[in-house]
Amino acid sequence: MALKDPALASLNLSEFDVPGRGHGLLDVFRWRFLLKLLVRKETATRYRNSALGWIWSYVRPAAQFLIFYIVLGKFIGMERGVENFALYLFSGIIVINLFNEGFSNSTKTLVDNAHLVRKIYLPRELFPVAAVIVSFVHFMPQVGVLLVVCLFFGWLPSLSMVGAILLGLITVLAFTLGLGMFFGSLNVPFRDAQNFVELILLFATWVSPVLYSWKMVADVLPQWLVDIYLVNPLTTTVQLFHYGFWAPVSTDPHPFPDGFWNYAVIGLVISLLVLFIGQLVFRKLEPKFAQDL
Amino acid sequence: MSADDTALKSMPALVVDAVSKRFHLKHTHSLKETFIAWTKRKQLRSDFTALEDITFTVPEGQSVAVMGYNGSGKSTLLKLMSGVLRPDSGTLLTRGRVAGLIEVGAGFHPDLTGRENVYLNAAILGMKEHEIDQVFDDIVQFAEIEEFLDQEVKHYSSGMFMRLAFSVAIHVRLDILLVDEILSVGDAPFREKCRMKFEEMLEAEKTMVVVSHDMEMVRELCSRGIVIKKGKLRFDGAIDEAIAYLQSEAYLKD
């Protein structure tokens, strides 16, 4: 960085900051108090002035679960192919719900907070990160319900199950944040992004073995497509959740594909790559956020 | 000792070096429109130069007024200093914490209480939790809203709202203060209190950059005036001369 004014040549530049230039996601840690307040603002104001309040967070997933369970489990007969189908369904659906809510919110968050972005400088990464954390907060009670049901079925956690669940969580959160930052920053100049994201979300439920078993995919697709299907971070996360919650109470002798952990690790690597690319694109577009909003 | 050396004897708090800012005015608002305009070979955007090659430095503890008619680029300059916008070319450097009395209350949420909003906004302005704890009582006292502290801000009168927003902004710990059109807030006693607060800051040797059309206030607060017109720096000197220049024929010409 060279200054044009010769009078400033002797200046020690290390003492100066360039306004508006942040450190990406690292800034989020430095501003964690604000992050906490932003998350609290979202969770506290979401159900203001509604009589049922937080119950709405359960009504939607419960209704969705009921529809899928009755139609797929009873009518189509999935229940006969997959043991404890209700548990199988529920442990997958909560992952997809987390992804859907986090992805959709983080895509819109910059536009929703335009009044702040345009007027005050703060690390803009805070917004997508807060959006993903808010969806995680809504996800926790669903895990609670799942745990209670699992215990009822005689579920006892082991180290590998807890490991699988944590690995799945890291995968899906990194994936969600990465995609959210990518499409969220594109959404600033082009609002088309949020419509495109809705389209992606429509597919999300179906490109992972939530409503059916991975074996059905393996039966009809060629091997290379099955591989792609199995390393997709949503599939690996759903499978890891099945591994942690459903498989222990199932007697299926071959519930998962061979090389299950390899797929899981590749899924994680893809997620981290997506996060990296998302941050890169976000940084590239960030200088123009304030004027494009 | 040459003139340059004296100027740099105290380290500047703010350096503006050959800064330019252009805005692209987009004529399309979606991918579809962009594509259609592109196929029809229509112009996709036009450029507008808001600031052109601005250079000056502000020594620590100095208070500078940026003056000019509407649309001259004053607010853009302030936004560049705060980091909301970034220059297209040139370098802008700041030393120490920058805070702005710009759009106070931007971060307020109507559904949160006064107390929650104080914390949220102070954090948005870059304060840490323990720092807010320290000045919390001062903020509330300055705004004179003690009894409404735990009510939702949407029930506040506009005067109360602005007083609280202003009070939060003015209690942020800072080294450089950016001010855009102040003291239009509140009634006469509150304005007097704000003026006192500014004088306190001047005495504490805070660096200030003030944008205002209020010549009397500017004359009182600032020792130096910078006049810009249509994005170009036209005058830089003592405040009285700057005000005289702004009101002279020379400014109106070309």
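Conventions adopted
- Residues numbered from 1 in each chain as written.
- Chains lettered and ligands numbered in written order.
- Predicted model: local features only at pLDDT ≥ 70, side-chain atom pairs only at ≥ 80, totals over all residues.
- Helix = DSSP H or I, 4+ residues; strand = E, 2+ residues; numbered from the N terminus.
- Buried ≥ 20, exposed ≤ 12 C-beta atoms within 10 Å, placed from the backbone.
- Contact = placed C-beta atoms within 7 Å.
- Domains from an automatic or database assignment.
- Core = buried A, V, L, I, M, F, W, Y, C linked by C-beta atoms within 7 Å.
- Pairing = 2+ DSSP bridges.
- Axes fitted to C-alpha atoms, helices over the stretch in contact; angles between N-to-C directions.
- Nonpolar A, V, L, I, M, F, W, Y, C, P; charged D, E, K, R; others polar.
- Parallel < 35°, antiparallel > 145°, perpendicular 65-115°, else oblique.
- Left-handed = near helix turned anticlockwise from the far one by under 90°.

## Notes on the overall build of chain B
Part 1: Across its full length, chain B carries 10 helices and 9 strands.
Part 2: Referenced to the eigenvectors of the C-alpha coordinate spread, the extents of chain B come out at roughly 60 × 60 × 35 Å.
Part 3: Burial status across chain B gives 44% buried among its 254 residues.
Part 4: In chain B, the share of contacts with a sequence separation of at least 24, taken over all contacts with a separation of at least 6, comes to 70%.

## With respect to the overall build of chain A
Part 1: Secondary structure summary: chain A contains 14 helices and 0 strands in total.
Part 2: In sequence order, chain A lays out its α and β elements as α-α-α-α-α-α-α-α-α-α-α-α-α-α.
Part 3: With the C-alpha coordinates aligned to their principal axes, the bounding extent of chain A is approximately 80 × 50 × 35 Å.
Part 4: Out of the 293 residues belonging to chain A, those deemed buried represent 40%.
Part 5: Taking the intrachain contacts of chain A between residues at least 6 apart in sequence as the baseline, contacts between residues at least 24 apart amount to 85%.

## Section: the domain arrangement of chain B
How big an interface is tends to be stated in terms of accessible area lost as the parts join.
Part 1: Taken as a whole, chain B is organised into domain 1 (3-96 + 175-252) and domain 2 (106-173).
Part 2: With centres defined by C-alpha atoms, the gap from domain 1 of chain B to domain 2 of chain B works out at 27 Å.

## Quick word on the environment of Leu 51 of chain B
Residues and elements named next belong to chain B.
Part 1: Mapped onto the secondary structure, Leu 51 falls in strand E2 (residues 45-59).
Part 2: On the basis of neighbour counts, which here come to 26 C-beta atoms within 10 Å, the residue Leu 51 falls in the buried class.
Part 3: Here the alpha-carbon distance between Leu 51 and Ile 36, two residues 15 residues apart in the chain, equals 32 Å.
Part 4: Not counting the four nearest positions on each side in its chain, Leu 51 is found in contact with Val 19, Ser 20, Lys 21, Gly 73, Thr 76, Leu 77 and Gly 231.

## Quick word on the nonpolar core
Part 1: Counting residues in each nonpolar core, the largest one holds 148 residues, and the members touching the most others are Leu 178, Val 209 and Val 210 of chain B.
Part 2: If one sorts the elements of this core by residue count, helix H5 (residues 85-112) of chain A sits on top with 13 residues.
Part 3: Split by domain, this core shows at least three residues from each of two domains, domain 1 (3-96 + 175-252) and domain 2 (106-173) of chain B.
Part 4: Leave out the neighbours within four places in its chain, and Val 210 of chain B touches Ser 63, Val 64, Ala 65, Val 179, Val 218, Leu 221 and Cys 222 of chain B.

## Notes on the sheet that holds strand E4 (residues 89-94) of chain B
Residue and element names in this part refer to chain B.
Part 1: In spatial order, the strands read E2-E1-E4; together these 3 strands make up an open sheet with antiparallel pairing. Of all strands in the sheet, those with a lone pairing partner are E2 and E4, marking the two edges. For this sheet, the mean inter-axis angle between neighbouring strands, taken without regard to orientation, is 25°.

## Some words on unusual backbone geometry
Part 1: Although it is not a glycine, Glu 205 of chain B adopts a positive phi angle of roughly 60°.
Part 2: Among the secondary structure elements, Glu 205 of chain B is positioned in the loop between helix H7 (188-203) and strand E7 (207-211).

## Describing the interface of chain B and chain A
Part 1: Every contact between the two is made by 36 residues of chain B and, on the other side, 32 residues of chain A.
Part 2: Split by residue class, the side of chain B that touches chain A holds 19 nonpolar, 9 polar and 8 charged.

## Section: the sheet that holds strand E8 (residues 224-229) of chain B
Residues and elements named next belong to chain B.
Part 1: On the basis of which strands lie adjacent, the open sheet formed by 6 strands has the order E5-E6-E7-E3-E8-E9 and mixed pairing. Strands at the two margins of the open sheet, each flanked by one partner only, are strand E5 (98-101) and strand E9 (232-238). Ignoring strand direction, the axes of neighbouring strands in this sheet form an average angle of 20°.
Part 2: As paired elements, E8 and E9 share 6 bridges and run antiparallel to each other. In the sheet register, Ile 228 faces E9, and the bridge partner there is Leu 233.

## Thoughts on the packing of helix H2 (residues 32-45) of chain A against helix H4 (residues 114-124) of chain B
Packed helix pairs are characterised by how far apart their axes lie and by the angle those axes make with each other.
Part 1: Relative to each other, H2 of chain A and H4 of chain B sit at 135°, their axes nearing to 9 Å. Overall, the two elements H2 of chain A and H4 of chain B adopt an arrangement that is oblique. As H2 of chain A runs across H4 of chain B, the sense of the crossing is left-handed. Seen from H2 of chain A, the contacting residues are Phe 33, Leu 34, Leu 37 and Lys 41 of chain A; seen from H4 of chain B, they are Tyr 119, Leu 120, Ala 123 and Ile 124 of chain B.
Part 2: Residue composition of the contact of H2 of chain A with H4 of chain B, by class: 7 nonpolar, no polar and 1 charged.

## Quick look at the environment of Phe 260 of chain A
Part 1: Considering the arrangement of structural elements, one finds Phe 260 of chain A in helix H13 (residues 260-285).
Part 2: Separated by 112 residues in the primary sequence, Phe 260 of chain A and Val 148 of chain A have C-alpha atoms spaced 26 Å apart.

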